[in-house]
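# Observations on the model geometry
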Amino acid sequence: MNLDQANALRWTAAARGCYEVYYLTLNDLASETGYWIRYVVQAPEITKRSAELELWFTFLDRRDPEQSFGVFERRPLGTLESRAAPFRLGFGVGPVGGRRFAPAELRNGLARGEVGRGDRRVRWHLEWPADSELILPFPEALYSSGDVPGAMLYPYPATRFIGTIEIGDRRLVIEDAPGEQSHVWGGKHPPHWLWAHCNRFDDDPAGYLEVSCIPASADGPPPVHVLIARVHGREVRLIAPLDGSAATSEAVPGRWSFAAESERERIELEVNCPLDMILEAPYTDPDGSGCFCLHSDLASCRLRLFERGVAGGAGREPEWENVGEVSSEGCCHVEWGDWHEHPEVEGRIERVEAG
């Protein structure tokens, strides 16, 4: 699979009951700000409702959390343009239904768009190197078989962004901002999920983390985790249920403790984030039900890698040896997702009218 194939739109006009999301997360180190940008195609199960598009922008400010906000708008499907190779996704052909829309697009190595009004009118133009080492968590054949209910892949898992972001009258010049561009799709969000990404560790310039976790629940699917990490040059992939690795997870808004291990390797992750640096996003699943995602781009994390040592003697289990540790202060992207609202988090991502 190449980058065009990884980013190509999976949705077709005949498909119902599915969503597809392209997202960017990045940190501007100079201003200590974080960003989350989403291009969404949503196809409801109900046939009398047509598919539609959503365009999201989220801004988080570490120095002044009260300035943080998020907005999204819905656009009619008639504004969609899609090309598989070279990949391009466009939101903004107009006029549609008598309305014009600010152009937005995503390509390999470029994202631009505009959404919002007044002091929350935002505009972005971002670029990054078009070449990348694609990461597929699952065997390639599974992505075309339809056997992955919630598919994820990472065309640009660890890149550097340049460009401009305008928020009201403020204009930020983005230079060498660490982040990613990824692509996910599915039919319905799980009853509970956790996710984190980081490619800016204070003590390991090449360090990398991508982890998703669906804990076990009485009314949901069996536990699943995908952990891909690089710690001081050591590559780790722990993906259940494919490899039989086991995991434990404890989470509340603002904190997440996660550990996953195989026979030879163990990863321990701690994520922390003040509640005023988290925004709650309202999602609508294709079946019409709602769920909520707590999102931050300014979390801190610590990642520790252990390997089993040589057995100490007959009948003795070999002990875990700490072989690497990395941390990030304020550059970890994280989500806590489930089916209920969180009143302890005051910040909300709000819908605005398009056109």
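Just above sits the structure.
First things first, this report covers the structure right here in the doc. (Residues numbered from 1 in each chain as written. Predicted model: local features only at pLDDT ≥ 70, side-chain atom pairs only at ≥ 80, totals over all residues. Heavy atoms only, no water.)

## A few points about the overall build of the chain
Rules: For the purposes of this entry, the term helix denotes a DSSP run of H or I that reaches at least four residues, the term strand denotes a run of E that reaches at least two, and both are numbered from the N terminus. Note on contacts: a residue pair is in contact if any heavy atoms of the two residues lie within 4.5 Å. Here the Shrake-Rupley method, with its probe set to 1.4 Å, supplies the accessible areas, and only the displayed protein chains count as covering residues. Only four residue types enter the charge count, namely Lys and Arg as positive and Asp and Glu as negative; His and the chain termini do not. A single reference atom marks each charge: NZ on Lys, CZ on Arg, CG on Asp, CD on Glu.
Summing up its helical and strand segments, the chain has two helices and 22 strands in all. For the chain, the spread of C-alpha atoms along the three principal axes comes to 80 × 45 × 40 Å. Put simply, of all contacts in the chain between residues at least 6 apart along the chain, 60% involve residues at least 24 apart. Total accessible area computed for the chain in this model is approximately 15300 Å², and 49% of it derives from carbon and sulfur atoms. Each charge class in the chain was averaged separately, 36 positive and 56 negative side chains, and the resulting centres sit 6 Å apart.

## Let's talk about the environment of Ile135
Mapping Ile135 onto the fold places it in the loop between strand E9 (122-127) and helix H2 (140-145). In sequence terms Ile135 and Ala6 are 129 residues apart; their C-alpha atoms lie 9.5 Å from each other. When neighbours within four sequence positions are excluded, Ile135 is seen to be in contact with Leu153, Tyr154, Pro157, Tyr208, Ile228 and Arg237.

## A look at a negative patch on the surface
Put simply, the rule reads: Patch definition: residues with relative accessible area over 30% and no salt bridge; like charges joined within 9 Å; nonpolar side chains (Val, Leu, Ile, Met, Phe, Trp, Tyr) joined within 5 Å. Here a salt bridge means any side-chain nitrogen of Lys or Arg lying within 4 Å of a carboxyl oxygen belonging to Asp or Glu. Burial classification: accessible surface area is computed with a 1.4 Å probe over protein chains only, and a residue below 20% of its type maximum counts as buried, one above 50% as exposed, and the rest as partly exposed.
Together, Asp64, Glu66, Asp276 and Glu346 line one region of the surface with negative charge. Take Asp276: it is sitting in the loop between strand E18 (265-272) and strand E19 (279-284). With a relative accessible area of 46%, Asp276 lands in the partly exposed category.

## Considering the nonpolar core
Test applied: Among buried residues, those of type Ala, Val, Leu, Ile, Met, Phe, Trp, Tyr and Cys that are joined through side-chain atoms within 4.5 Å constitute a nonpolar core.
In terms of nonpolar packing, the biggest core is built from 64 residues, with Trp256, Leu269 and Leu303 touching the most fellow members. If you tally residues by element for this core, the top one is strand E20 (residues 290-308), at eight residues. Beyond its immediate chain neighbours, meaning those up to four positions away, Leu269 contacts Leu209, Val211, Trp256, Ser257, Phe258, Cys301, Arg302 and Leu303. If you look at the next biggest cluster of nonpolar residues, it comprises 39 residues, including Leu55, Phe59, Phe91 and Ala104.

## Overview of the pattern of salt bridges
Inspection of the entire model under this criterion finds 25 salt bridges. Ionic pairing is found between Arg75 and Glu73, a salt bridge with its closest N-O pair at 2.5 Å. The pair formed by Arg75 and Glu73 is uniform in burial state, with each residue classed as buried. In this structure, Asp202 engages Arg200 in a salt bridge whose closest nitrogen and oxygen atoms are separated by 2.9 Å.

## Some thoughts on the pairing of strand E1 (residues 18-28)
Filter applied, for reference: Paired strands, in this sense, are two strands between which DSSP finds at least two bridges.
With eleven of its eleven residues buried, E1 lies for the most part within the structure. Side chains of E1 alternate between two faces, with Cys18, Glu20, Tyr22, Leu24, Leu26 and Asp28 and Tyr19, Val21, Tyr23, Thr25 and Asn27 buried alike. Direction of pairing for E1 relative to strand E2 (residues 33-43): antiparallel, over a ladder of eleven bridges. Each bridged residue has a counterpart across the sheet, and for Leu26 the counterpart in E2 is Tyr35.

## Quick notes on the state of the cysteines
To be explicit about the condition: Note on disulfides: each one is a pair of cysteine sulfur atoms within 2.5 Å.
Within this structure, the stated rule accounts for zero disulfides. In this structure Cys18 is a free cysteine whose sulfur lies 15 Å from that of Cys291, the closest cysteine sulfur available. Looking at Cys291, it has no disulfide partner, and the nearest cysteine sulfur is the one in Cys293, 8.1 Å off.

## Regarding the packing of aromatic side chains
Rules: Stacked, edge-to-face and tilted are the three classes for Phe, Tyr and Trp ring pairs, Trp counted by its six-membered ring, which pair at centre distances within 6.5 Å; planes under 30 degrees apart are stacked, over 60 edge-to-face, the rest tilted.
Summed over the entire model, instances satisfying the criterion amount to 17 aromatic pairs. For the ring pair Trp56 and Phe72, a centre distance of 4.2 Å and an interplane angle of 10° mean the geometry is stacked. Taken together, the residues Trp56 in strand E3 (residues 52-61) and Phe72 in strand E4 (residues 69-76) connect sequence positions 16 residues apart. On the accessibility criterion, Trp56 (1% relative accessible area) is buried. By relative accessible area, which is 3% here, Phe72 ends up buried. Residues Phe57 and Trp124 carry aromatic rings whose centres are separated by 5.5 Å and whose planes lie at 20° to one another, so their mutual orientation is stacked. Taken together, the residues Phe57 in strand E3 and Trp124 in strand E9 connect sequence positions 67 residues apart.

## Description of unusual backbone geometry
Residue Ala85 is joined to Pro86 through a cis peptide bond whose omega torsion reads -10°. Summarising the element assignment, Pro86 is placed in the loop between strand E5 (80-83) and strand E6 (88-91). Across the junction of Ala240 and Pro241, the peptide omega takes the value 15°, indicating a cis bond. For Pro241, the location among the structural elements is in the loop between strand E15 (234-240) and strand E16 (246-252). Phi at Glu32 takes a positive value of approximately 55°, unusual for a residue other than glycine. Mapping Glu32 onto the fold places it in the loop between E1 and E2. Backbone geometry places His232, a non-glycine residue, at a positive phi of 50°. Inspection of the secondary structure puts His232 in the loop between strand E14 (224-231) and E15. The partly exposed category is assigned to His232, whose relative accessible area is 39%.

## What to know about the side chain of Arg75
Here is the rule we go by: Two N or O atoms count as a polar contact when they lie within 3.5 Å, although within protein this holds only if one can serve as hydrogen donor and the other as acceptor, and sequence-adjacent residues are included solely when both atoms are side-chain atoms.
Along the chain, Arg75 falls in strand E4. A polar atom in the side chain of Arg75 sits 2.5 Å from the side chain of Glu73. There is a polar contact of 2.8 Å between the side chain of Arg75 and the backbone oxygen of Phe91. In this structure Arg75 touches Glu52, Leu53, Leu55, Phe91, Gly92, Phe101, Ala102, Ala104, Glu114 and Ala354, once residues within four positions along its chain are discounted.

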